[in-house]
Amino acid sequence: MTAVIKDVRLTPILIADPPLLLVGGVHQPYTPRLIVEVETDSGTVGLGETYGDRRYLERATELAPRLIGMPLAGINAIRLLGAQRASGDRLIDDNPLASGLRGALTTDKVRLSVLSAFEVAALDAHGRELGLPVHALLGGKVRDRVDYSGYLFYKWAEHPVPDAPVDEWGAALDPDGVVELARKFKAHGGFHSFKLKGGVFEPEAECAAVEALAVAFPGHPLRLDPNAGWSAETALKVAERLSGTVEYLEDPTARLTDLAELHRRTGIPLATNMVVTSVAEIKPAFDLDAVQVVLSDHHYWGGLLATRELAAICGAYGKGVSMHSNTHLGISLAAMTHVAATIAELDHACDTHYPWQAEEVITEPFEFHDGAIEVTDAPGLGIELDRDALARFHERWQRMPALRDRDDIAAMRVVRPDYQPPAGPKF
């Protein structure tokens, strides 16, 4: 008989984060995440992870009791939990700098981000009950390893506040610093491709950094992502300069018509995690040929099954597909790896912030070998929760209420009190 859900536990935490620079500011010393545990009537516990900001925690707290009594096999029912009609989907914030650099934030995106953690936790528990890996529950793997890209950021050497966490990566503020950082990433995990988070310095300087990477790592696919921080004119100049050097530009500018014109004029492939973030945004982008690679994210797409569905749509349109990343821990990396292993259409190395995270809530942190994670055949996600670490990070969340919402703008204002994020394109 199928096990049923008897309890759902939500634990908000704060985890250490390096001073990574991006178009809207800098990462704070600690960032919020939400850990979900789904327990069955037989005592099996499955794990999920998602954004931990207050609005996500509030929605999770509201929806979690509705899982009680649901069968583990009823994943579709979990996906529809608290479903809203399109007319009920309200805009929360249309500033992508304030919404995780993933386009306008709506009530439905928050709901889907929460449900993704519930779905992953239920799949993990179901796999443990059956003795099957999550990828088997998704139809079976088509690859034994999933490639990831070395995700480079411009960064400060340390946070400018007392008692902040430290990291071993050092500063990266110019082309030489970016190349040195890439060398450290190469030594860390053997990465075969690199992505640089741009939108921080003048586009000419960021182009020079990418060109320096091309010299230092010949044959390694390269990407540049300014998070829509460039005007259409700047994006065109960058595309013309880097055509043939990068495998794609990611979100070089924000408007679909500008992206379509940029691709038409230069032929350079364009990727996005900001202008295609929901089902309603797929057809307009594809009809204009404004996007050639969609970067899925199981968190805000609503889970692993939704990720597979998106990949199928991309395949039908002849579009490429890969994965976006935000600050995350091993539960999310395990989920990303399981679903990526099942997607035949996946044709670019996935993004991941994981090498940046010095703290972990699972007992055996992941290691990258030759730029990849091996796909486990262990039951569920194949990971175990470190309850001592979870308790420490939750205690930090309790005593640091000012950091319970990620705020890159506030973190930058510690150094530049008059800092104002760009209202439109930064360059």
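Residues numbered from 1 in each chain as written. Predicted model: local features only at pLDDT ≥ 70, side-chain atom pairs only at ≥ 80, totals over all residues. Heavy atoms only, no water.

(A) Expanded view of unusual backbone geometry. The residue alanine 228 is not glycine, and still its phi comes out positive at about 60°. With respect to the helices, strands and loops of the structure, alanine 228 is situated in the loop between β11 (222–225) and α7 (232–242). Assessed through its relative accessible area of 16%, alanine 228 is described here as buried. Residues other than glycine seldom take positive phi values, yet aspartate 251 does so here, at roughly 45°. Tracing the chain through its elements places aspartate 251 in the loop between β12 (248–250) and α8 (256–266). In this structure aspartate 251 comes out as buried when scored by relative accessible area, which is 1%. (Helix = DSSP H or I, 4+ residues; strand = E, 2+ residues; numbered from the N terminus. Buried < 20%, exposed > 50% of the residue type's maximum accessible area, 1.4 Å probe, protein only.)

(B) The arrangement of the pairing of strand β15 (residues 320–323) in detail. Burial along β15 is two-sided: the residues Gly320 and Ser322 and Val321 and Met323 are all buried. Examined bridge by bridge, strand β14 (residues 293–296) and β15 share four bridges and lie parallel to one another. Residue pairing across strands places valine 293 opposite glycine 320, the latter belonging to β15. (Pairing = 2+ DSSP bridges.)

(C) Examining the packing of α7 against α8 more closely. It is the contact of α7 with α8, at a shortest axis distance of 10 Å, that shows an interaxial angle of 30°. Put simply, α7 runs roughly parallel to α8. α7 and α8 meet at a crossing whose hand is right-handed. In this structure, α7 uses Ala232, Ala235, Leu236, Ala239 and Glu240 to contact α8, whose residues at the interface are Asp258, Leu262, Arg265 and Thr266. Grouping the amino acids of the contact of α7 with α8 by side-chain chemistry returns five nonpolar, one polar and three charged. (Axes fitted to C-alpha atoms, helices over the stretch in contact; angles between N-to-C directions. Parallel < 35°, antiparallel > 145°, perpendicular 65-115°, else oblique. Left-handed = near helix turned anticlockwise from the far one by under 90°. Contact = heavy atoms within 4.5 Å. Nonpolar A, V, L, I, M, F, W, Y, C, P; charged D, E, K, R; others polar.)

(D) Representation of the sheet that holds strand β4 (residues 30–40) within the structure. The three strands lie next to each other as β1-β4-β5, forming an open sheet whose pairing is antiparallel. The two strands at the open ends of the sheet, each matched to only one other strand, are β1 (5–16) and β5 (45–51). Neighbour-to-neighbour, the strand axes of this sheet turn through a mean angle of 20°, independent of strand direction. With seven bridges joining them, β4 and β5 adopt antiparallel strand pairing. Bridge pairing in β5 places glutamate 39 opposite valine 45. Packed onto the sheet, helix α12 (residues 330–340) meets β4 and β5 and runs at close to 100° relative to β5. Its contacts with the sheet place helix α13 (residues 387–399) against β1, β4 and β5, and it is angled at close to 65° to β1.

(E) Molecular detail of the UniProt feature "domain: Mandelate racemase/muconate lactonizing enzyme C-terminal" (unreviewed entry) in the chain. Mapped onto the present numbering, the UniProt feature "domain: Mandelate racemase/muconate lactonizing enzyme C-terminal" (unreviewed entry) falls at residues 175–269. Secondary structure content for residues 175–269 is 54% helix and 12% strand, and the end C-alpha separation is 23 Å. (UniProt positions renumbered as here; feature names shortened; annotations may be inferred.)

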